[in-house]
Amino acid sequence: MTSARPADFDPARVADVDRAVLGIDGLWCPSCAAAVTRAISGLPGIRQAQVSYASASAALSWEPGADLRAVARRVAAMGYRLTAPTQGDEMEQRITAEMRRTAVRLAVCVGLGMWTMAFSILLYVDPDGISSGPIGRALSLAAGAAALPVVAWAGAPILLAGWRTARVGAPGMDSLVGLGVIGAIAASVWSLATGGHHVWFDTAVMLVTLLTFGRLVEMNTLRQAGRSIAALRSALPETARPVGPDGQAREVRAETVAAGTRIRVAAGERVPLDGVLLTGPSRFDSAILTGEAAPRRIASGEMVEAGFVNLARVVEIEVTAEIGARRIDRMGLDIATALHDRPEMHRLSDRMARLMVPLALSLSMLSLAGALFAGLGYEEAGLRALSVLVIACPCAVAIAAPLSHLAAVQLAASEKIHFRSPTATEELGAVGRVLFDKTGTLTTGRPVLRAVTLRPGLDRARALALAAAAENEVVHPVARALREAAPHHLLPEASERFDDGVAARVAGHDVLLGSQGFFRARGIAVPEAEDHAEATVAHMALDGVWAARFDLGDALRPDAAETLGQLRAQGLEIGILSGDAAAPCARIGARVGLAASEIRAGCTPEDKAAFVAEGAKPTAFMGDGVNDALAITRADVGIAAGDASPATIALADVVIARGGIPAVARAIAISRRARAVLRQNLVFSVIYNLLGLGLAVFGAVPPLAAAVAMAVSSLMVMANSARLRLQA
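Owing to the predicted nature of the structure, the values given are computational and were not obtained by experimental measurement.

Now, about the overall build of the protein: what can you tell me, with residues and values included?
In terms of regular secondary structure, the protein is built from 25 helices and 26 strands. Scored against the burial criterion, the 728 residues of the protein give a buried share of 53%. In the protein, of all internal contacts separated by at least 6 residues, the share reaching a separation of at least 24 is 70%.

Structure below.
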């Protein structure tokens, strides 16, 4: 079952903004995306344009008054269509469907290509001189018949993409391969039509097969881009409960709720829309956007943002931002824009391909003219020109990046490290600094019991059991930590929740548990003690008398300090970026050996992203929450642990499924090897092609040898990439 065709782009939808991510229907390959980027970048009023094949979309920014319909017309002139942006799950479905079609094309290339090769080998070997007789002509026709579906059907997207990219002055590998295929087919048909028996259908088949294989590998490495946007959206509820005139709240889809509507959010629920708190105060878990481990107290009249979890009581909120205008939606737009950036090595291979097209055409024409000037016949001169076109096809360049990435992926996967994008394998090994989120990355991400202070005569185990019973089934990080610390569990006979505490009847005792203010309001004296800004404190009273104090705080992961020391020893800059307060960040930073200048506390998601992007050195950032998502996409390489939020994992370039923080150092080492292999592949491919071109121009390489040389260069790139997988 196919998805509905996306709607055409309507400029009115983006009339009030100066940037957007729009869909592009009909892209088949990264070369197509590069050509569209070049075509629309020069239009009046367009500040920046970057088209992504993976997400079938264009990230655009423009000057006020720019004519966006001109963008739609330019895209349409190239054979594509500007549309409303697709959602993440639709992106993944599109790429998966295209991968299936490409896999079928590759199967046709291999299946029929084997017959084309078999017939061609008989003609080249020429046993008993059969090539010049009726049998040879029959074999030539059979080779052409087997090659026809490969070129006409499997190779059609390559030929079409080559034409489109060349037409706008951005020729790539598709253009070169298309020229080689058309030249080989034309020369073969001309030879048969003039009574000859030499054909080069096998050359055309080999070109189509190699580029189709490289395209399939690249699609597989890019598929996660669609998943990331969908994962970010899935972090928020899809429904909201507006309050009607009768005071009743009824559940509706959040996208139908307009600004100014009053909505109700129960305790334990996630806030679906940005707004102003009307009935407060209440405590909220804001970790999704701020990363703070401790809940925040928000009073009436203050802002509450979509994604916060209401912890204390039923509240009502006046919506100020509809879906699409929420803060987390703006983060999503920034993330989608960042996903359009291509890795350095991919950009280098694109530039190589653009240089090779005019070079190959020029050398082919010079070879043809030189051969004719030297008195050679049209057939001999044409074969020289064809040899130049065939050997110039940069198939080895096309598969160099995908194969090095694939090899690194296989090596890392054996150690439960998942490289999820070409960016990771190419750029992680080149980073000069590694930044970490604090809460949930360097620490466990949730409060744990750190100290207990008891009144004389009260047993620790008994105190914890009573506190855990009072907090039974309460949705709150502190309650969860107390329940986990209790050696055994009791059940409350009755309980009542308040904004900043809870009252319960447990095992014959009246138990109060809450903040110091909660106790003061009830006239219960609390012993004076030094409070630490980084600690969350809960007091407990039994039968109206203070009984215990529980200090809770985030715990440092046991391997964090050693790993950061190892990374520093490798010459990398290390730092912490956190949304938490300065005091807990300083405490954790001191424990892992960081100076105050290497710690940035109180960061918003936007602050983190800006700091990551402004660094002079390539930067890797490791985080675990949705509040880290924007920084992960803005970093040269984003890293997430296996226990991170689903949205963060979907966006990260590297996921550490096992091994924790120490695996970051191992991932960097693997990336450095992959980067070295990729450089070797690109340098070898270019040098090999240039040498082959020089020989082909002077007629030293016939079309058959040119095709074999091109295939050998691709096989050598494959072998060099496989060497990475064999390294322990």
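Explain helix α6 (residues 173-193) residue by residue, including any values.
With 21 residues, α6 extends 30 Å from end C-alpha to end C-alpha; this agrees with the ideal 30 Å at 1.5 Å per step. Once α6 finishes, Gly195 follows within two positions and takes phi at roughly 85°, a positive value.

Lay out the packing of aromatic side chains with the relevant residues and their values.
By the definition in use, this model includes two aromatic pairs. Across from the ring centre of Trp153, 5.7 Å away, lies the NZ or CZ of Arg105, which sits over that ring.

Please provide a residue-by-residue account of unusual backbone geometry, values included.
Residues other than glycine predominantly adopt negative phi, and peptide bonds predominantly adopt the trans conformation. Unusually for a residue other than glycine, Lys416 sits at a positive phi of about 60°. Here Lys416 shows up in the loop between α13 (395-413) and β14 (417-419).

Provide a residue-level description of helix α2 (residues 68-77), including the pertinent values.
Those residues of α2 not exposed but buried are Leu68, Val71 and Val75. Buried residues of α2, viewed axially, fall in a sector of 45°; they line one side. Every exposed residue of α2 that faces more than 90 degrees away from the buried side is listed here: Arg69 and Arg73. Sitting at the amino-terminal end of α2 is Asp67, which places a side-chain oxygen 3.1 Å from the backbone nitrogen of Arg69.

Let's hear about the nonpolar core: which residues, and what values?
Among the nonpolar cores identified, the biggest contains 41 residues, and Leu428, Phe436, Ile639 and Val654 are the most heavily contacted of them. Considering every element that reaches this core, the biggest residue donor is helix α24 (residues 662-697), with eight residues.

Explain a nonpolar patch on the surface to me, using residue names and the numbers behind them.
On the surface, Val683, Ile687 and Leu691 cluster together to form a nonpolar patch covering roughly 290 Å² of accessible area. Within the element layout of this structure, Ile687 appears in helix α24.

Give a description of the pattern of salt bridges that names residues and reports values.
Here the structure, examined in full by the defined rule, presents 15 salt bridges. The salt bridge involving Glu269 is made with Arg241; its shortest N-O contact spans 2.9 Å. Taken together, the residues span a long stretch of sequence, with Glu269 in the loop between β7 (262-265) and β8 (274-277) and Arg241 in the loop between β5 (239-240) and β6 (252-253) at a distance of 28 residues. On the basis of relative accessible area, Glu269 is assigned to the partly exposed category, the value being 31%. A salt bridge links Glu598 to Arg568; the nearest nitrogen and oxygen atoms lie 3.0 Å apart. Within this pair, whereas Glu598 is found in the loop between α20 (582-591) and β23 (599-600), its partner Arg568 is found in helix α19 (residues 560-569), the two being separated by 30 residues in sequence. Overlapping salt bridges, with partners in common, bring together Arg262, Arg264 and Glu316 in one network.

Describe the packing of helix α4 (residues 134-154) against α6, and please don't skip the residues or the numbers.
As a packed pair, α4 and α6 sit with axes 12 Å apart at the nearest point and diverge in direction by 150°. One finds that α4 runs roughly antiparallel with respect to α6. Considering how the two elements wind past one another, α4 and α6 form a crossing that is left-handed. Between α4, through Arg137, Ser140, Leu141 and Val151, and α6, the contact on the second element is made entirely by Val181, Ile185 and Leu192. Considering only residue class, the contact of α4 with α6 consists of five nonpolar, one polar and one charged.

An account of the sheet that holds strand β18 (residues 501-506) is needed here, citing residue identities and associated values.
With antiparallel pairing, six strands are arranged side by side in an open sheet as β16-β21-β20-β19-β18-β17. The open sheet is flanked by β16 (443-454) and β17 (494-498), the only strands paired with a single partner. The average angle at which neighbouring strand axes cross in this sheet is 20°, direction not considered. By the bridge criterion, six bridges tie β18 to strand β19 (residues 509-514) in an arrangement that is antiparallel. The residue bridging Val506 from the neighbouring strand is His509, located in β19.

Can you break down the sheet that holds strand β12 (residues 309-310) residue by residue, with the values?
Overall, antiparallel pairing links the three strands, which are arranged β10-β9-β12 in an open sheet. Here the strands that pair on one side only, and so sit at the sheet edges, are β10 (296-298) and β12. As judged from the three bridges shared by strand β9 (residues 282-285) and β10, these two strands associate in the antiparallel manner. Note that in β10 the partner of Ser282 across the bridge is Ile298.

How would you sum up the packing of α4 against helix α5 (residues 156-167)? Please name residues and give values.
Two elements in contact, α4 and α5, have axes separated by 5 Å at closest approach and are oriented at 45°. In terms of their interaxial angle, α4 and α5 are classed as oblique. Counted together, Val151, Ala152, Trp153 and Ala154 of α4 and Ala156, Pro157 and Leu159 of α5 form the full contact between these two elements.

Describe the pairing of strand β21 (residues 545-556), listing the residues and the values that go with them.
One face of the sheet, then the other: side chains in a regular strand alternate in exactly this way. Extensive coverage of β21 is indicated by the burial of 10 of its 12 residues. Where β16 and β21 come together, eight bridges link them in antiparallel fashion. Bridge pairing links Val452 to Phe550 in β21. Inspection of the sheet shows strand β20 (residues 536-542) paired to β21 by seven bridges, in the antiparallel sense. Pairing of Thr536 across the sheet is with Leu552, part of β21. The hairpin formed by β20 and β21 contains two residues between the paired strands, and Asp543 there has a positive phi angle of roughly 55°.

Would you mind going over the side chain of Asn310 in detail, with residue names and values included?
Topologically, Asn310 is positioned in strand β12. Looking at Asn310, its side chain comes within polar contact range of the main-chain oxygen of Val265, at 3.2 Å. Beyond its immediate stretch of four places on either side in the chain, Asn310 contacts Val265, Ala266, Ala267, Gly268, Glu269, Ser282, Arg283, Phe284 and Val315.

An account of the pairing of β20 is needed here, citing residue identities and associated values.
Buried residues dominate β20, accounting for five of its seven residues. With four bridges connecting them, β19 and β20 associate as antiparallel partners. In the sheet register, Leu512 faces β20, and the bridge partner there is Ala541.

Rules used in this analysis
Residues numbered from 1 in each chain as written. Predicted model: local features only at pLDDT ≥ 70, side-chain atom pairs only at ≥ 80, totals over all residues. Heavy atoms only, no water. Helix = DSSP H or I, 4+ residues; strand = E, 2+ residues; numbered from the N terminus. Buried < 20%, exposed > 50% of the residue type's maximum accessible area, 1.4 Å probe, protein only. Contact = heavy atoms within 4.5 Å. Expected span 1.5 Å × (residues − 1). Phe/Tyr/Trp six-rings, centres within 6.5 Å; stacked < 30°, edge-to-face > 60°. Lys NZ or Arg CZ within 6 Å of the ring centre and 35° of its normal. Arc of directions from axis to C-beta. Polar contact = N/O pair within 3.5 Å; in protein donor to acceptor, adjacent residues only side chain to side chain. Core = buried A, V, L, I, M, F, W, Y, C linked by side-chain atoms within 4.5 Å. Patch = residues over 30% accessible without salt bridge, like charges linked within 9 Å, V, L, I, M, F, W, Y side chains within 5 Å. Areas by Shrake-Rupley, 256 points an atom, 1.4 Å probe, with all protein chains shown as cover. Salt bridge = Lys/Arg side-chain N within 4 Å of Asp/Glu carboxyl O. Axes fitted to C-alpha atoms, helices over the stretch in contact; angles between N-to-C directions. Parallel < 35°, antiparallel > 145°, perpendicular 65-115°, else oblique. Left-handed = near helix turned anticlockwise from the far one by under 90°. Nonpolar A, V, L, I, M, F, W, Y, C, P; charged D, E, K, R; others polar. Pairing = 2+ DSSP bridges.

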